[in-house]
Amino acid sequence: MPTKQQILDLHFMDARCKLIDLAAFLDRVERHEGEADFRFEALKKALPILLSTQPGRAKAILDSLSDESTEPIEKATLQGAFGAPR
Amino acid sequence: MKYIEPHAHMVSRTTDDYEKLALAGCAAICEPAFWAGFDRTSPAGFYDYYRQLTDYEPKRAAKFGIPHFCWLCINPKEAEDAGFAREVMQIIPEFLDKPTVLGIGEIGLNKNTRSELAIFEEHVQLALDRDLPILIHTPHLEDKRKGTRLILDSLASFSKLNRGKVIIDHVEEHTIGAVLDAGYWAGMTLYPESKCTPNRAIDMIECYANEQLWMNSACDWGVSDPLAVVKCGLEMRKRHYSNDFIESIVFENPKRFLSQSDRFRI
Ligand SMILES: [Zn+2]
């Protein structure tokens, strides 16, 4: 198994790139006109999970972007999904 | 790298993709029946799709020396109209005796509706009646966790089901634990925009160290990569895994699950 150093050597630049891209995305949405929607709020709500000291951050972010309801719905109104619960 | 692509929608891919898979070391391709990117307007559309899966596609794969197998069903995206879905289901038995059909799949849920769930359960019963393996699609994005839970709850009511003969696909970090804990196999789908990246899949292998896991590309008509499984194997090499261990994940695991069908011979 690789050490922490080796994992950093392998993946730090990629994680750095994704982090900056995310920051730029937040700026981009705010800079443009009109109203953001539930997806933007859901993403911002998930961001503090990154700073958690507990493992399982990926699971926690996926959980926070999941539909909380438990019963099957009566009818589908669309086929696709948005990536965040409405 | 010797590996199996256990979930690919080759009807949507080019012959160039078959060549790439052959060059990369792909030893077998399995193709579950799914949505075609658009809704079919008649059961006859599905009849022709099943002919394509059981007859034409194996021949196309054979030109590149790759055995091609398939799974049959009506997929959940087109199961919202239960009457239509049942008409299509009447066609399926005619194809189940074809020599390359492994089982029932990919059934499951899409928007977690009552109708999808009813058709899912009718497929599970069909598989049970014929003692066939089952391949299950879980919903995407915000619908995945709820859909996976509904699927697990539903399967729990089938007391005669051999859990080791069922694979629940497209798991992510928030669904993999429940699937494996219940005794099912879990599939990780490597998809560029959603589902799972290669390094997250390797993380899940590290965290769950389970022999009931496979990886697939689920390459289809959308943005997807038919070489995703071998590329993940390469990432595993970068993370110091031995060639034997990599082969156990990308070849031996899927071979063990798929060999539960007598028809899977490679
Ligand atoms: Zn699929």
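Rules of the game
- Residues numbered from 1 in each chain as written.
- Chains lettered and ligands numbered in written order.
- Predicted model: local features only at pLDDT ≥ 70, side-chain atom pairs only at ≥ 80, totals over all residues.
- Heavy atoms only, no water.
- Domains from an automatic or database assignment.
- Contact = heavy atoms within 4.5 Å.
- Buried area = accessible area lost by both parts, 1.4 Å probe.
- Salt bridge = Lys/Arg side-chain N within 4 Å of Asp/Glu carboxyl O.
- Polar contact = N/O pair within 3.5 Å; in protein donor to acceptor, adjacent residues only side chain to side chain.
- Nonpolar A, V, L, I, M, F, W, Y, C, P; charged D, E, K, R; others polar.
- Donors = N, O, S within 2.8 Å, 3.2 Å for Na, K, Ca; no water.
- Helix = DSSP H or I, 4+ residues; strand = E, 2+ residues; numbered from the N terminus.
- Buried < 20%, exposed > 50% of the residue type's maximum accessible area, 1.4 Å probe, protein only.
- Patch = residues over 30% accessible without salt bridge, like charges linked within 9 Å, V, L, I, M, F, W, Y side chains within 5 Å.
- Areas by Shrake-Rupley, 256 points an atom, 1.4 Å probe, with all protein chains shown as cover.

Undergrad: What exactly am I supposed to notice about the domain arrangement of chain A here?
TA: When the parts of a complex come together, some accessible area is lost, and that lost area is often taken as the interface size. Residues and elements named next belong to chain A. Under the domain assignment used here, chain A contains domain 1 (1-34) and domain 2 (36-68). Contacts between the two partners involve six residues from domain 1, matched on the other side by five residues from domain 2. By the criterion of area lost to domain 2, the three top residues of domain 1 are Leu22, Leu26 and Val29, representing 64% of everything that side buries. For the interface between domain 1 and domain 2, the tally reads zero salt bridges. Linking domain 1 to domain 2 there are zero residue pairs in polar contact (both at pLDDT 80 or more). Classifying every residue of the side of domain 1 that touches domain 2 gives four nonpolar, one polar and one charged.

Undergrad: Could you clarify how one ought to interpret the coordination of the zinc ion in this entry?
TA: For a metal bound by four donors in a tetrahedral arrangement, the ideal donor-metal-donor angle is 109.5 degrees, while six donors in an octahedral arrangement ideally sit at 90 or 180 degrees. Residues and elements named next belong to chain B. Around the zinc ion, the protein contributes the donor atoms His7 (NE2), His9 (NE2) and Glu106 (OE), which lie 2.0 to 2.1 Å from the metal centre. For the zinc ion, the donor residues sit on a single chain with the sequence spacing H-x1-H-x96-E. You can see His7 sitting in the loop between strand E1 (3-5) and helix H1 (15-24) and its partner Glu106 sitting in strand E4 (residues 101-108), a full 99 residues away along the chain. The class for His7 is buried, based on a relative accessible area of 1%.

Undergrad: What should I look at first to understand the interface of chain A and chain B in this one?
TA: Across the boundary between the two partners, chain A contributes 30 residues, which contact 28 residues of chain B. Counting each side, the surface lost to burial between chain A and chain B is near 2,500 Å², with a carbon and sulfur contribution of 53%. The largest share of the area that chain A buries against chain B comes from A:Leu62, A:Pro72 and A:Gln79, three residues that together contribute 25% of it. Viewed at the interface, chain B and chain A are joined by five salt bridges. A salt bridge links A:Glu74 to B:Arg114, with the nearest nitrogen and oxygen atoms 2.8 Å apart. Along the contact surface separating chain A from chain B lie 17 residue pairs in polar contact (both at pLDDT 80 or more). Put simply, the parts of the chain that give the side of chain A that touches chain B at least two residues each are helix H1 (4-31) and helix H3 (57-64) of chain A. A class-by-class count of the residues in the side of chain A that touches chain B yields 15 nonpolar, eight polar and seven charged.

Undergrad: It is not clear to me how a nonpolar patch on the surface should be interpreted in this structure. Could you clarify?
TA: A cluster of nonpolar side chains, A:Leu8, A:Phe12 and A:Met13, forms an exposed patch at the surface whose accessible area comes to about 320 Å². As for its position among the elements, A:Phe12 is in helix H1.

Undergrad: Whenever I open this one, the pattern of salt bridges confuses me. Can you help?
TA: Two side chains bearing opposite charge may form a pair once their charged atoms approach each other closely. The tally for this structure, following the rule as stated, stands at 25 salt bridges over all chains. Linking B:Glu173 and B:Arg200 is a salt bridge whose minimum nitrogen-to-oxygen distance equals 2.7 Å. Taken as a pair, B:Glu173 in the loop between strand E6 (166-168) and helix H7 (176-181) and B:Arg200 in helix H8 (residues 198-208) lie far apart in primary sequence, 27 residues in all. Under the relative-accessibility criterion, B:Glu173 is labelled buried at 12%. Owing to a relative accessible area of 23%, B:Arg200 belongs among the partly exposed residues under this scheme. By sharing partners, the salt bridges in this structure join A:Lys59, A:Asp63, A:Glu68 and B:Arg145 into a single network.

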